[in-house]
Amino acid sequence: MKKTKVRRMFVLDGGSFIYETGMMKFGTDMDKRERVCTPFYAFDTEEGWFLYDTGWFHPALPLLDQLGMAPEIGEENNTVNQLKKIGVVPSDISSIIISHLHVDHAGGLPFFPDVKIYVQKDEYMYAFHPNSFLSVPYIQQAYNSPGLIWEFLEGDQSIIPGLTVVLANGHTPGLQALLVELPESGFYILGSDSAYLYDNIENNIPPGSSWNPVLAQYAVKRCKALQTVLDAKYFPGHDLEFFREKVNYAAEYK
Ligand SMILES: [Zn+2]
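Residues numbered from 1 in each chain as written. Predicted model: local features only at pLDDT ≥ 70, side-chain atom pairs only at ≥ 80, totals over all residues.

K.L.:
Explain the overall build of the protein residue by residue, including any values.
P.N.:
When its secondary structure is counted, the protein shows 8 helices and 12 strands. The globule rule puts the C-alpha radius of gyration for 254 residues at 18 Å, and the 17 Å found for the protein is close to it. With the C-alpha coordinates aligned to their principal axes, the bounding extent of the protein is approximately 45 × 40 × 35 Å. When the 254 residues of the protein are sorted by exposure, 47% land in the buried category. (Helix = DSSP H or I, 4+ residues; strand = E, 2+ residues; numbered from the N terminus. Rg over C-alpha atoms; globule rule 2.2 N^0.38 Å. Buried ≥ 20, exposed ≤ 12 C-beta atoms within 10 Å, placed from the backbone.)

K.L.:
Can you lay out the sheet that holds strand 6 (residues 149-153) for me, pointing to particular residues and giving the numbers?
P.N.:
Spatial ordering of the open sheet is given by 6-5-4-3-2-1-12, a layout of 7 strands whose pairing is mixed. Of all the strands in the sheet, just strand 6 and strand 12 (252-253) have a single pairing partner and so form its edges. Pairing between strand 3 (residues 48-52) and strand 4 (residues 93-97): 4 bridges, direction parallel. Bridging from a neighbouring strand, tyrosine 52 pairs with isoleucine 97 of strand 4. Docked against the sheet, helix 4 (residues 121-128) engages strand 5 (116-120) and strand 6, running at close to 85° with respect to strand 5. (Pairing = 2+ DSSP bridges. Contact = placed C-beta atoms within 7 Å. Axes fitted to C-alpha atoms, helices over the stretch in contact; angles between N-to-C directions.)

K.L.:
Describe the nonpolar core, naming the residues involved and giving the relevant values.
P.N.:
Counting 67 residues, the largest nonpolar core has Tyr41, Ile96, Ile97, Tyr118, Leu178 and Leu190 as its most contacted members. A per-element tally of this core places strand 1 (residues 6-20) first, with 7 residues. Excluding residues within four positions of it along the chain, leucine 178 makes contact with Tyr52, Ile97, Leu163, Val165 and Leu190. (Core = buried A, V, L, I, M, F, W, Y, C linked by C-beta atoms within 7 Å.)

K.L.:
Talk me through the sheet that holds strand 8 (residues 163-167); I want residue IDs and the actual numbers.
P.N.:
Across the sheet, 5 strands lie side by side as 7-8-9-10-11; this open sheet has mixed pairing. The open sheet terminates on both sides in strands that have one partner only, identified here as strand 7 (157-160) and strand 11 (233-235). Averaged over all neighbouring strand pairs, the angle between strand axes comes to 25°, with direction disregarded. Examined bridge by bridge, strand 9 (residues 176-182) and strand 10 (residues 186-190) share 5 bridges and lie antiparallel to one another. By the bridge assignment for strand 10, leucine 178 is matched with leucine 190. The sheet strands contacting helix 7 (residues 213-230) are strand 8, strand 9, strand 10 and strand 11, and the helix crosses strand 10 at an angle near 170°.

Printed below as a string of structure tokens:
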């Protein structure tokens, strides 16, 4: 294995909102709702700054209010202001890896014209023609803004030594997790919505909101297999309690 080119990782805070637990854990806790977080990530690498996801598309926040999702997502949570906390400006970003094109992950893309965006081709195609019952989180203004430069991936791929995308589709047709290798603390699997909550990981539960729940369960199990083999830490996509207890926002991970 080639030596990792990732020097440091930062977890950034895209804010929180309330969501149905049954939409996150297939067939369980259908009567419950809970507050969830929206992390995204920045990486200082030998090939410039990379992002994994970009947080919410803020012009769509009134929709969350209408849907009773009680967003706690302020100006300080937007992509640019979160980067400012770690001393980074948008023009420092050389590449973005996007887990999938839902509005809470792809929302910051309009800040980054002329930056290469790695996305699964299947995700990009679906995002313009989703099934009607899965269309709400696909807000085209977030990923159809002028000047965006797309690099289409088909399955697993090493982007640079230390950053490898792992196809983890099922929640959506082209969801990709990110396998990160840091020089001192080793491997991390950033699962995005392959696992909304840590409970999805622990109990092999696919997301309730799934384009294909069977593939979604395979995705969680594939990431868990990698977790075991590599002795990795597996971060779920939206688990507020997990991030509160185990993660420090804007702190340096080496
Ligand atoms: Zn999603």
